[in-house]
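# Analysis of the macromolecular model
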Amino acid sequence: MTVPQQVIIILIVVFGTMMTRFLPFLIFSAEKPTPSYIKYLGKVLPPAVFGLLVIYSLRKVNVFEGNYGIPELVSVLVIIVLHSWKRNMLLSIASGTILYMFFVQIVF
């Protein structure tokens, strides 16, 4: 890929990112109330995205061979317990990821 092509792609990505950031402010003014379907989407989409990520992450775990999915199971349980206890998403996800990598790299 040539340098002008790379610059064009970067500019298009920057434009697309800026549009997704600014478009809601252009469409929905501060004077009008936010439509109920937008509030609904704001409420249900974040958990749906995380559910999708969990399914995507665990889709190839095979409990019938190798370490039987033990690192994945323990890491997911740690994430659930930490998040239920502290309600800190960064803490729970980072702890689960670090624990999983520890299991995969050192233990199993």
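Residues numbered from 1 in each chain as written. Predicted model: local features only at pLDDT ≥ 70, side-chain atom pairs only at ≥ 80, totals over all residues. Heavy atoms only, no water.

This brings us to the overall build of the chain. Helix and strand counts for the chain come out as four helices and zero strands. Ordered by position from the N terminus, the helices and strands of the chain form the series α-α-α-α. Taken over the C-alpha trace, the chain has a radius of gyration of 21 Å; the compact-globule value for 108 residues is 13 Å, which it surpasses by more than 25%. C-alpha atoms of the chain, sized along the principal axes, occupy 55 × 45 × 25 Å. (Helix = DSSP H or I, 4+ residues; strand = E, 2+ residues; numbered from the N terminus. Rg over C-alpha atoms; globule rule 2.2 N^0.38 Å.)

Packing of helix 3 (residues 70-86) against helix 4 (residues 89-107) brings their axes to within 8 Å, and their N-to-C directions diverge by 160°. The angle between the axes of helix 3 and helix 4 places the two elements in the roughly antiparallel class. In this structure, helix 3 crosses over helix 4, and the sense of that crossing is right-handed. Contacts from Pro71, Glu72, Val74, Ser75, Val78, Ile79, Leu82, His83 and Lys86 of helix 3 reach helix 4 at Met89, Leu91, Ser92, Ser95, Gly96, Leu99, Tyr100, Phe103 and Val104. Looking at the contact of helix 3 with helix 4 residue by residue, the class counts come to 11 nonpolar, five polar and two charged. (Axes fitted to C-alpha atoms, helices over the stretch in contact; angles between N-to-C directions. Parallel < 35°, antiparallel > 145°, perpendicular 65-115°, else oblique. Left-handed = near helix turned anticlockwise from the far one by under 90°. Contact = heavy atoms within 4.5 Å. Nonpolar A, V, L, I, M, F, W, Y, C, P; charged D, E, K, R; others polar.)

It is worth spelling out the UniProt feature "transmembrane region" (unreviewed entry) in the chain at this point. The feature "transmembrane region" (unreviewed entry), as given by UniProt, occupies residues 6-28, 64-82 and 89-107 in the numbering adopted here. Secondary structure content for residues 6-28 is 96% helix and 0% strand, while the C-alpha to C-alpha distance between its ends is 34 Å. Strand forms 0% of residues 64-82 and helix 68%; the C-alpha atoms that close the span are 28 Å apart. (UniProt positions renumbered as here; feature names shortened; annotations may be inferred.)

Of note, glutamate 72 is situated in helix 3. According to the relative accessible area criterion, glutamate 72 is buried, its value standing at 16%. A C-alpha to C-alpha distance of 36 Å links glutamate 72 and glycine 16, two positions 56 residues apart in sequence. Contacts of glutamate 72, omitting those with residues within four sequence positions, involve Leu58, Val61 and Tyr100. (Buried < 20%, exposed > 50% of the residue type's maximum accessible area, 1.4 Å probe, protein only.)

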